Amino acid sequence: MGQLVRPRYWMSLVVLTVVVTGCTGAPSDDSAGGGAVRVAIAELPPAQADPAQHLGRPAVLIWPAFYDGLTFIDSAGDPEPWLATGWELTEPTVWTFQLKEGVEFSNGEPFDAASIVKAADEILFGYGAEAPVRLNLLPTVTDVRAVSDQVVEIETEDPDPLLPKRVAQLYPLPPEYFDEVGSEGFAAAPIGTGPYVVDDWSPGRVTMSANPSSWRPGQVDTLEFIEIPESSSRRAAITSGQVEIAYDISPTDVEDVEAGGVEVHIGTDPRIRTIAFFQRREGSPVASADVRLALNHAVNMQQIIDTFYAGRAPIASQAATSNATGYNDQLSPYAYDPELAQDLLADAGYPDGFPMSVEVVASTDLDKSLYEAVAQDLRAVGVEVELREIPFAEWREKLYSAGWESDAFSFSIAFDPTFDVSRGYQNLGCDVEHAFFCDETVTDMVRQADSMVDADARAALLRDAQEVAYDNPPAIFMEERVELIGVQGVAGFETVNLIAPWHSIAVAG
Amino acid sequence: MASRLHPSGRAPALLGRGLPAFARQVGALVVLLVVTVTLLFFTLRLTGDPAVVIAGEFATPEALADIRQRYQLDQPLIVQYLTFLEQSVRLNLGSSLATGQSALGMVLARLPATLTLTVAGSAANLAIAVPAGLWIGSRAAKVDGRLAALVAFVFQGLPGYVVALVLIEVATVRLGLLPSIGGDGGLLSLILPSLAIASFLAPKLTRIIAARVREELESDYATLARAHGAGRIAVLIRHAWPNALLGATALFGVQLAGLINGIVITESIFAWPGVGKLLLDSIIVLDFPVVQAVVIVTTLLVFLVNSMTDYGLDRIDPRT
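All residue numbers refer to position in the chain's written sequence, counted from 1. Chain letters start at A and ligand numbers start at 1, both assigned in the order the entries are written. The model is predicted, so local features are restricted to residues of pLDDT at least 70 and side-chain atom pairs to those at 80 or more, both for listing and for counting; the totals for chains, interfaces and linings are taken over all residues. Values shown for side chains rest on all heavy atoms present in the structure; no hydrogens or waters enter the calculation.

Q: Can you lay out the overall build of chain A for me, pointing to particular residues and giving the numbers?
A: Secondary structure assignment for chain A yields 16 helices and 18 strands. For the radius of gyration, the atoms used are the C-alpha atoms, and the globule rule reads 2.2 Å times the number of residues raised to 0.38. Taking 23 Å as the expected radius of gyration for a compact globule of 509 residues, we find that chain A reaches 25 Å, a close match to that expectation. With respect to the principal axes defined by its C-alpha atoms, chain A has extents near 85 × 75 × 50 Å. Each residue gets one of three labels from its accessible area relative to the maximum for its type: buried under 20%, exposed over 50%, partly exposed in between, using a 1.4 Å probe on protein chains only. For chain A, buried positions account for 58% of its 509 residues. Looking at chain A alone, contacts between residues at least 24 apart form 68% of all its contacts between residues at least 6 apart. Computed with the Shrake-Rupley method and a 1.4 Å probe, the accessible areas treat only the protein chains shown as cover for residues. A total of about 19,200 Å² of accessible surface is found on chain A, and carbon and sulfur atoms cover 47% of it. Comment: elements are numbered from the N terminus, with helices defined as DSSP H or I runs of at least four residues and strands as E runs of at least two. Contacts: residue pairs with any heavy atoms within 4.5 Å of one another.

Here it is as C-alpha cells:
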C-alpha cells in the first residue's frame, strides 16, 4: 500500500474551519441587568427602517424605539398628542397641526415643520410614492406645507376625518441627514427623535443605545432586537435568560414560560381572525346569509379559545376590534347553537349540509389547530369542510385578485393604524377592487360615514352598520388576536396596540 | 492532441489538470448557471405577480400598473428574461422588490454567517464521524460495535430539527451551559447549531466509514499485515483508515454541498442570520431578484465545493 493519507489535505480543512469559526466576533458582554435589554422578535422589518415601506407588524414593534409620529393611538383607539401637541380641522380638507417645541433629532437637527414637509416630499411624493405608506395609509394627502416652524398644514383630496390617526405612522425626517445618505442609507442607519439611536442594523440583529437628547430619553444603555423566527427558540431564549423580552410566545408554551419565572404580558394585537366567505363564488352555498349565520352558530368559539388560548383571547363578534371607532358593544359573539345552525341550513335548502372548501395560511401549529377545530365543529352540523393549506404569497395574490378557488379562506383583518370600522370594509366592502364580499347597505353606510367629520355622528353610523352586518356576516368570526409577550428582569413594560413605549423600560431591580 | 485519460476514470479535477481541464470546468459552470437561472426564472414567474405583493392590500389599479412598469413586469416574459441574462452577466442581479436594496448585496451580507455555520457544522460532523466510524468498523464483530452501529442507524432516521430542539432544551434551558441564539456568543454560539448539523450528517458518514473500515480489515492485506506482527491499532490507522478515506471524502463532499442548500431549518431554529432565512422570506413575498441571487450564489458555492472534493479525491487516490 502506498502513501494514501495526505495529511496536508485534512490539516488544511481543520485550519480553514478554525479560521472561519474564529471570525465570528467577540463573545457577548452578557450584560443583562447592567443596563441592557434584549428583545426577541419573530421577524425584523425586511426594509429595515425605511419609513415609506412598512405599516403594522413587525415595524411597530421596533420603530417606536427611535421614530415618533405626530400622534399616538391610545388603547381606546383615539389619537393622543405626541410630536403634535394639538390639531384642528381648519377647512373641510385641511388639518392644521401644532408641533411640539424644543425637540431635536438624535443628530442635533431640529424637529420642526420643515422635517414634516421633508417627510411628505420623500415618503408621499418622492421615492415612496408607490410604497405602502403612501398607497395604504395616506393616499388622500395632496399637500403638506409649513405655516411656521411649529405649525404644519396637511391637505387632503376629500374630507378625511381619520387623518389625525393616520399621521401616527408618518415619521418626520431630518432634512440634511436624509439628503446626505439618501433613502437606502437612511433605512440602514435611521435618525429619529425617539428614545434610542440605532448603532447597528445587521442581518438578524438591531443594536441601539440610549438617546439622552430625546424628549423621551431611553433608560437603558443598550436596547437590542434579535430576530428569532422559531417560536420554540424564542421560548428557550426567554426561559434561559438570553433575552429579557420575547414577543409572540405560543399559547401552548405559556405554562412552561410562566413556570420558569417569566411574566407573560397579554398585549392587544389590532387584528381579528376570521374565515372569510367568498360570497361571489358561483353556486356556492355561502352566498346565502342564512348559511353564513348557520356557520357562525355552529362553531363553539369559547371552547376553542379555552383549549388553545387558556381563555386569554376575546371572541370576535363583528368585523372590528373592540377599540375601533364604530365597534358595536351591543353585539355579542354568535351563540354556539348547533341545532339553530342545522335549522338555518335546512331553511337555506341544505338540510344535509354541503361540502365546503377553505383555503388557509397556517404559519404556526396554533393556526393549524384553530382552523382544524373550526372545521370539526362545522362537520358536526353536516358541513364537510376540506381545509387546503396554501402559501402566504398565493393567499395574498388571491386576496387582491379575488382569485379564490374555494368557498372561504383564512383572513386576519387588521385595524391599525386607523382603528376604525371602515378599515375593515376596505377589504370587506363592495368598493374594493375585486371584492369577494358585498353588502350594499353596509357599504353605503360606511361610505357615508367616511364623508362625515362629526366624530360622534360618524361613530354612531358605523355602529349601526355593524348591526346590519351582524345578520349578514361576511365571515366566521373567531378571536380578537392577542400578543403573548414574555417579560423578565424588566420594569415598566407595557404595550398599547402592540406598541411599547420603549422610553419607560428599565432594567428591574 | 488527445486528452490524457484519468487513471481513476473520474473527470479531472479543476485545480490539478492544467488549462484544458480548467476550461472544461469553467464551461460546465457556465452551462450549469445558465440552465439553473433559466429554470428558476420561468418557475418563479409561475408563482404569482409580485406587483400585488409590493403594492399592498389597498393598491389602486393605477399603482399596480406603475409598479409593473417600474420593475418591467409588464414586459413580455422573454424580454424580461433576456434583460435578466444581460444584467446577470454584468453581475447586476437587480434590486430587491421588497426593500429596494441590491439583491446581491443582501446575499453577500448574510453569506459569511452561513459559511461559518456550514464549516463549523462540517467540522463537528468530521469530529464525530471519523472516530466513531473507525471504532465501529474495527469492532464490527463485537456486541458493543453492533450496538453502536444500531445507534448510528437510529440517529440517521431522526429529523435534525428534533435533535436541535432537544439540544436547546437540555444545554440551554435546563443546564444553562450554551447560548441558543446565533451570532452574539462568538464561538460558544456555534456549538449547538454545529452539533445539530452534525446530528443529521454524522450518522451516515459514520456508517460509511465503519463499513469501509470493516471491509479493509477483513481484506487479505490486513490479514497479512497482522501475520507480520502489526498490531490492531497500527493496521487500523496505517492501512484500513487511508483506504476508507476515499469513500468517506466523496460522501463528505456531497454532504457539504447539500448543507449549503439545506441549512435553512438550522438557521431558523438557532436564529442564525444567514442566507437560508433570507431565501425563505424572499420566497414568501415573491422577491424574485433576491431568490435568484441566493440561488446563483449557492450554485457557485456548490460547484466550488464539488470541485474541491474532486481535488481532494485526486490527492488521496492511490491510482493518481
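Further notes follow.
Q: Give a detailed account of the overall build of chain B, specifying residues and quantitative values.
A: Within chain B, the regular secondary structure consists of 13 helices and zero strands. Counting the 320 residues in chain B, one finds 50% classified as buried. Element-wise, carbon and sulfur atoms account for 68% of the exposed surface of chain B, whose accessible area totals about 15,000 Å².

Q: Explain the pairing of strand β5 (residues 94-99) of chain A to me, and be specific about the residues and the numbers.
A: All names here are of chain A. Most of β5 sits inside the fold, with five of its six residues counted as buried. Strands are treated as partners if at least two bridges between them are detected by DSSP. Relative to β5, strand β4 (residues 84-91) is paired through six bridges, and the arrangement is antiparallel. Note that in β5 the partner of glutamate 88 across the bridge is threonine 96.

Q: Lay out helix α12 (residues 275-284) of chain B in plain terms, naming residues and giving numbers.
A: Along α12 of chain B, the residues classified as buried are Val275, Gly276, Lys277, Leu278 and Ser282 of chain B. Just beyond α12 of chain B, the residue with positive phi is leucine 286 of chain B, at close to 55°.

Q: Could you give me a rundown of helix α11 (residues 338-347) of chain A, with the residues and numbers involved?
A: Note: α-helices contain 3.6 residues per turn, so residues at a spacing of three or four share the same orientation. Residues and elements named next belong to chain A. Residues Ala341, Leu344 and Leu345 constitute the buried set of α11. In a view along the axis of α11, the buried residues occupy a sector of 100°, so they form one face of it. Seen from the open side of α11, the exposed residues pointing more than 90 degrees away from its buried face are Glu339 and Asp347. Looking one or two residues past α11, glycine 349 carries a phi angle of roughly 95°, positive in sign. Think of it as the arc spanned by the lines of direction from the helix axis to the C-beta atoms.

Q: Kindly report on the state of the cysteines, identifying the contributing residues and their values.
A: Residue and element names in this part refer to chain A. Any cysteine sulfur atom paired with another within 2.5 Å is treated as part of a disulfide. Across all of its chains, the model carries one disulfide over all chains by this definition. A sulfur-sulfur separation of 1.9 Å characterises the disulfide bridge that pairs cysteine 430 with cysteine 438. Note on the cysteine 430 and cysteine 438 pair: the S-S dihedral is about 95°, so by sign convention the disulfide is right-handed. Using a relative accessible area of 14% as the deciding quantity, one classes cysteine 438 as buried.

Q: Would you mind going over the environment of valine 254 of chain B in detail, with residue names and values included?
A: All names here are of chain B. Tracing the backbone shows valine 254 in helix α10 (residues 232-262). For valine 254, a relative accessible area of 55% puts it in the exposed group. For the pair valine 254 and arginine 24, spaced 230 residues apart in the sequence, the C-alpha separation amounts to 21 Å.

Q: Quick one: what's the story with the side chain of arginine 38 of chain A, residue by residue and with numbers?
A: On the secondary structure map, arginine 38 of chain A appears in strand β1 (residues 36-41). Look at arginine 38 of chain A and you get buried, because its relative accessible area is 9%.

Q: I'd love a proper account of the pattern of salt bridges, names of residues and values included.
A: Residues and elements named next belong to chain A. A carboxyl oxygen of Asp or Glu within 4 Å of a side-chain nitrogen of Lys or Arg is what we treat as a salt bridge. This model, assessed by the stated rule, comprises 34 salt bridges over all chains. The partner of arginine 216 in a salt bridge is aspartate 68, with the nearest N and O atoms 2.6 Å apart. Of this pair, arginine 216 sits in the loop between β9 (205-210) and β10 (222-227) while aspartate 68 sits in the loop between α2 (59-62) and β2 (71-73), placing them 148 residues apart in sequence. The class of arginine 216 is buried, set by a relative accessible area of 6%. The exposure class of aspartate 68 is buried, given its relative accessible area of 1%. In this structure, glutamate 372 engages arginine 379 in a salt bridge whose closest nitrogen and oxygen atoms are separated by 2.8 Å. Salt bridges here are not isolated pairs; linked through shared partners, they connect Arg57, Arg234, Asp248, Asp269, Arg271 and Glu483.

Q: Just give me the short version of a nonpolar patch on the surface, but keep the residues and values in it.
A: Residues and elements named next belong to chain B. Patch construction takes residues with relative accessible area above 30% that form no salt bridge. Like charges are linked within 9 Å, and nonpolar side chains (Val, Leu, Ile, Met, Phe, Trp, Tyr) are linked within 5 Å. Taken together, Tyr161, Val162, Leu165, Val166, Val170, Leu175, Leu177 and Ile265 make up a surface patch of nonpolar side chains, about 700 Å² in accessible area. Here the element with the most residues in the nonpolar patch is helix α7 (residues 160-174); it accounts for five residues. Relative to the assigned elements, isoleucine 265 resides in helix α11 (residues 264-269).

Q: Explain the confidence of the model for chain B to me, using residue names and the numbers behind them.
A: All names here are of chain B. Per residue, pLDDT measures the predictor's confidence, with a range of 0 to 100. For chain B, the mean per-residue pLDDT works out to 81, and 88% of the residues sit at or above 70. The least confident element of chain B, judged by mean pLDDT, is helix α2 (residues 50-55) at 71; the most confident is helix α5 (residues 103-138) at 91. Throughout residues 1-9 the model reports pLDDT below 50, and contacts reaching past four residues in sequence, or to other chains, amount to eight contacts. Listed scores for the predicted complex are pTM 0.82 and ipTM 0.76.

Q: Let's hear about the domain arrangement of chain B: which residues, and what values?
A: Domain boundaries in chain B define domain 1 (22-89) and domain 2 (107-285 + 303-316). Bear in mind that the domain bounds are from an automatic or database domain assignment. Relative placement of domain 1 of chain B and domain 2 of chain B: their C-alpha centres are 37 Å apart.

Q: Go over the sheet that holds β9 of chain A, please, and point to the residues and values.
A: Residue and element names in this part refer to chain A. The strand order β8-β9-β10-β1-β11-β16-β12-β15-β13-β14 describes an open sheet built from ten strands, whose pairing is mixed. Two strands in the sheet have a free side with no partner beyond their single neighbour: β8 (196-202) and β14 (384-389). Pairing of strand β11 (residues 245-246) with strand β16 (residues 475-487) involves two bridges; the strand directions are antiparallel. By the bridge assignment for β16, isoleucine 245 is matched with valine 487. In the packing of helix α10 (residues 301-309) onto the sheet, contacts are made with β12 (263-277) and β16, and the angle to β16 comes to roughly 20°. Lines are fitted to the C-alpha atoms to define the axes, a helix being fitted only along its stretch in contact, and any angle between axes, read from their N-to-C directions, falls within 0 to 180 degrees.

Q: With reference to specific residues and values, describe the sheet that holds β5 of chain A.
A: Strand pairs in the sheet, formed through backbone hydrogen bonds, run parallel or antiparallel to each other. Residues and elements named next belong to chain A. Taken in spatial order, the four strands make up an open sheet running β4-β5-β7-β6, and their pairing is antiparallel. Both outer strands of the open sheet, β4 and β6 (141-148), are each paired with one neighbouring strand and no more. Direction aside, the axes of adjacent strands within the sheet are offset by 20° on average. With six bridges joining them, β6 and strand β7 (residues 151-156) adopt antiparallel strand pairing. Looking at β7, one finds that alanine 146 is bridged to valine 152.

Q: I'd like to hear about the environment of glycine 382 of chain A, residue by residue, with values.
A: All names here are of chain A. Turning to its location among the elements, glycine 382 is positioned in the loop between α12 (365-380) and β14. Judged by its relative accessible area of 22%, glycine 382 is partly exposed. Sequence-wise, glycine 382 and alanine 348 are 34 residues apart; in three dimensions their C-alpha atoms are separated by 14 Å. When neighbours within four sequence positions are excluded, glycine 382 is seen to be in contact with Asp352, Gly353 and Phe354.

Q: An account of the packing of helix α14 (residues 421-428) of chain A against helix α16 (residues 455-470) of chain A is requested, with residue identities and associated values reported.
A: Packed helices, taken two at a time, are described by the angle between their axes plus the distance between the axes. Residues and elements named next belong to chain A. In the contact formed by α14 and α16, the axes pass within 10 Å of each other and the chain directions differ by 45°. By the angle between their axes, α14 is oblique relative to α16. Of the two elements, α14 crosses α16, and the hand of that crossing is left-handed. Across the interface between the two elements, Val421, Ser422 and Tyr425 from α14 touch Arg458, Leu462, Gln466 and Ala469 from α16. Residue polarity follows a fixed list, in which Ala, Val, Leu, Ile, Met, Phe, Trp, Tyr, Cys and Pro are nonpolar, Asp, Glu, Lys and Arg are charged, and the others, Gly among them, are polar. Within the contact of α14 with α16, the residues separate by chemical class into four nonpolar, two polar and one charged. Comment on the angle field: the value is read as roughly parallel under 35 degrees, roughly antiparallel over 145, roughly perpendicular from 65 to 115, and oblique elsewhere. Crossing handedness is read from the near helix: turned anticlockwise from the far helix by less than a right angle, it gives a left-handed crossing, and turned clockwise, a right-handed one.

Q: Mind laying out the packing of helix α9 (residues 289-297) of chain A against α11 of chain A, listing which residues take part and the relevant values?
A: Residue and element names in this part refer to chain A. Following both chains from N to C, one finds α9 and α11 inclined at 165°, their axes separated by 8 Å at the closest point. Overall, the two elements α9 and α11 adopt an arrangement that is roughly antiparallel. Like other packed secondary-structure pairs, α9 and α11 cross with a definite hand, here left-handed. Here Asp290, Val291, Leu293, Ala294 and His297 of α9 lie close against α11, whose contacting residues are Pro338, Leu340, Ala341, Leu344, Leu345 and Asp347. Here the contact of α9 with α11 is built from residues that sort into eight nonpolar, one polar and two charged.

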